[in-house]
Amino acid sequence: MRPTSHGSPHVPFLPMPPPRIKYPSKNDEHKFAFFANSVDQQIEADRAELEREITDDESYTFRYEKLNSLIEQAAVDMFGCNKPYLSLDKKVTSPTIREIVTRICHIGGTISIVKGHPGVHSFGSQRAFESMWLTFNFQIPRPMCTFAEYLVSTRRAYYRNLYATKKAEIWEHARCYDLGWMSGVLNGGLSKKLLGGSSAFVSLPTALQSTINLGVIETSPGNIAEATRQYFANLYKRSPPPNKPKPWLTSPAVVEVWKQVIEDPFVWPIAATPDEFRAMLRKENQRPSPGPDGWEKWCVKSLYD
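Peer 1: Got a minute to help me understand a nonpolar patch on the surface in this structure?
Peer 2: The grouping of Tyr-231, Phe-232, Leu-235 and Tyr-236 at the surface amounts to a nonpolar patch, some 480 Å² of accessible area in total. Positionally, Leu-235 belongs in helix H7 (residues 221–235).

If you want it as structure tokens, here you go:
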């Protein structure tokens with residue numbers, strides 16, 4: 001991960017995977033034949049492109065992506081897609097957290113007033129401006145900074161307080177969750193889920209000693225993640241094998257095997273036949289999770305030869 005200017009790792013945006021193709025019900029089993037016929041018709045229409053000779057990686061990729069989009073689009077048109085799963089964003093909140101967030105917003109409006117930004121400011125921001133202006137002027141000893149710098153440092157302190165309050169609230173929720181499970185077990189419930197929850201979760205440390213600069217304590221999330229990765233990389237690093245003589249590689253038996261392999265090499269991958277493909281599709285789970293190409297195993301299985 002690429003660290004940002006604040007030291008935290010840059011996590012790229014990963015979009016949600018597309019919804020899976022909907023498996024037809026028993027009343028819609030006739031759609032399998034329509035789907036196979038639709039694929040055959042599209043293959044016949046694009047036969048000139050699909051039968052183009054494969055000479056390099058680019059031509060292979062073209063044929064693969066063409067066939068992939070053809071099958072996937074025909075399956076979507078015939079069977080439709082499942083509804084995407086929408087996860088609920090459960091925000092950690094409490095009266096104290098909401099009060100801190102409101103205070104941060106008012107300080108932000110106060111900073112906007114001090115900098116002279118145009119616009120209508122809320123009543124809370126105006127009141128915060130008056131109270132903090134009085135606090136700044138009559139504070140003993142008087143701060144050795146400007147009013148804007150004082151506001152920024154105050155808002156930074158509120159953000160630290162917000163982080164600590166959210167962390168305490170999360171741990172309190174986890175503790176209450178575990179107490180609920182414990183009470184259920186004492187009342188005759190299952191004890192299997194007692195192994196999970198907050199007791200099985202260990203949060204990342206907030207400070208670590210640097211593995212590169214001895215005596216330096218890393219506190220930013222990005223540097224802590226890098227120090228952790230470097231520690232385990234050094235811990236499980238494989239030492240190079242020793243350079244020792246291997247006389248058995250020149251023994252008569254090994255030399256004889258080497259000659260046989262040269263004369264009759266092992267061909268891989270082995271060319272597969274349609275019967276072997278059909279046997280492979282009949283094995284194991286008939287509806288596994290699709291891969292990056294979006295194909296469903298049952299879609300390919302329902303096609304004609």
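Next, the rest of the story.
Peer 1: Explain the pattern of salt bridges to me, please; I cannot follow it from the model alone.
Peer 2: Oppositely charged side chains may form a pair once their charged atoms are brought near each other. Using the criterion set out here, one finds eight salt bridges in the structure. Among the salt bridges present, the one from Lys-66 reaches Glu-49, with a minimum N-O distance of 3.5 Å. Of the two residues, Lys-66 sits in helix H3 (residues 57–79) while Glu-49 sits in helix H2 (residues 47–50), which places them 17 residues apart along the sequence. On the accessibility criterion, Lys-66 (23% relative accessible area) is partly exposed.

Peer 1: Explanation requested: the packing of helix H1 (residues 31–45) against H3 in the structure shown.
Peer 2: The description of two packed helices rests on the angle between their axes and on the distance between the axes. Two numbers describe how H1 lies on H3: the axes approach to 10 Å, and their chain directions differ by 145°. Crossing handedness for the pair H1 and H3: right-handed. Note on element contacts: H3 touches H1 through Leu-67, Leu-70, Ile-71, Ala-74, Ala-75, Met-78 and Phe-79, opposite Lys-31, Phe-32, Phe-34, Phe-35, Ser-38, Val-39, Gln-42 and Ile-43. Looking at the contact of H1 with H3 residue by residue, the class counts come to 12 nonpolar, two polar and one charged.

Peer 1: What's the story with empty space enclosed by the protein in this structure? I'm lost.
Peer 2: Summary: where empty space remains is shown by rolling a probe the size of a single water molecule over the atoms. For the coordinates displayed, the defined rule picks out one cavity of 30 Å³ or more. What the largest cavity holds in volume is close to 30 Å³. Lining the largest cavity we find Ile-21, Ile-71, Glu-72, Gly-294, Trp-295, Glu-296, Cys-299 and Val-300. Looking at side-chain class alone, the lining of the largest cavity contains five nonpolar, one polar and two charged residues.

Peer 1: Looking at this structure, how should I read the packing of helix H5 (residues 123–137) against helix H6 (residues 147–186)?
Peer 2: Packing of H5 against H6 leaves a shortest axis separation of 11 Å and a crossing angle of 110°. Classified by the angle their axes make, H5 and H6 are roughly perpendicular. Residue-level inspection shows Phe-129, Met-132, Trp-133, Thr-135 and Phe-136 of H5 in contact with H6, the latter providing Phe-147, Tyr-150, Leu-151 and Thr-154. Split into classes, the residues belonging to the contact of H5 with H6 amount to seven nonpolar, two polar and no charged.

Peer 1: I would appreciate a short explanation of the nonpolar core in the present structure.
Peer 2: One broad rule of soluble globular proteins: the nonpolar side chains tend to lie buried together. Within the largest apolar cluster, 12 residues are counted, these being Ile-21, Phe-32, Phe-35, Val-39, Leu-70, Ile-71, Ala-74, Ala-75, Phe-79, Trp-298, Cys-299 and Leu-303. For this core, the secondary-structure elements that each account for two or more residues are H1, H3 and helix H10 (297–301). Sorting elements by how many residues they give to this core places H3 first, with five residues. Excluding residues within four positions of it along the chain, Leu-303 makes contact with Phe-35, Ala-36, Val-39 and Ile-71. Grouped together as the second largest cluster of nonpolar side chains are seven residues, Ile-111, Met-132, Phe-136 and Tyr-150 included.

Procedures and definitions
- Residues numbered from 1 in each chain as written.
- Predicted model: local features only at pLDDT ≥ 70, side-chain atom pairs only at ≥ 80, totals over all residues.
- Heavy atoms only, no water.
- Patch = residues over 30% accessible without salt bridge, like charges linked within 9 Å, V, L, I, M, F, W, Y side chains within 5 Å.
- Areas by Shrake-Rupley, 256 points an atom, 1.4 Å probe, with all protein chains shown as cover.
- Salt bridge = Lys/Arg side-chain N within 4 Å of Asp/Glu carboxyl O.
- Helix = DSSP H or I, 4+ residues; strand = E, 2+ residues; numbered from the N terminus.
- Buried < 20%, exposed > 50% of the residue type's maximum accessible area, 1.4 Å probe, protein only.
- Axes fitted to C-alpha atoms, helices over the stretch in contact; angles between N-to-C directions.
- Left-handed = near helix turned anticlockwise from the far one by under 90°.
- Contact = heavy atoms within 4.5 Å.
- Nonpolar A, V, L, I, M, F, W, Y, C, P; charged D, E, K, R; others polar.
- 1 Å grid on protein atoms, 1.4 Å probe; cavity = no way out; pocket = protein on both sides within 12 Å on 5 of 7 lines; lining within 4 Å.
- Points joined across faces, edges and corners; volume = space filled by probe spheres on them.
- Parallel < 35°, antiparallel > 145°, perpendicular 65-115°, else oblique.
- Core = buried A, V, L, I, M, F, W, Y, C linked by side-chain atoms within 4.5 Å.

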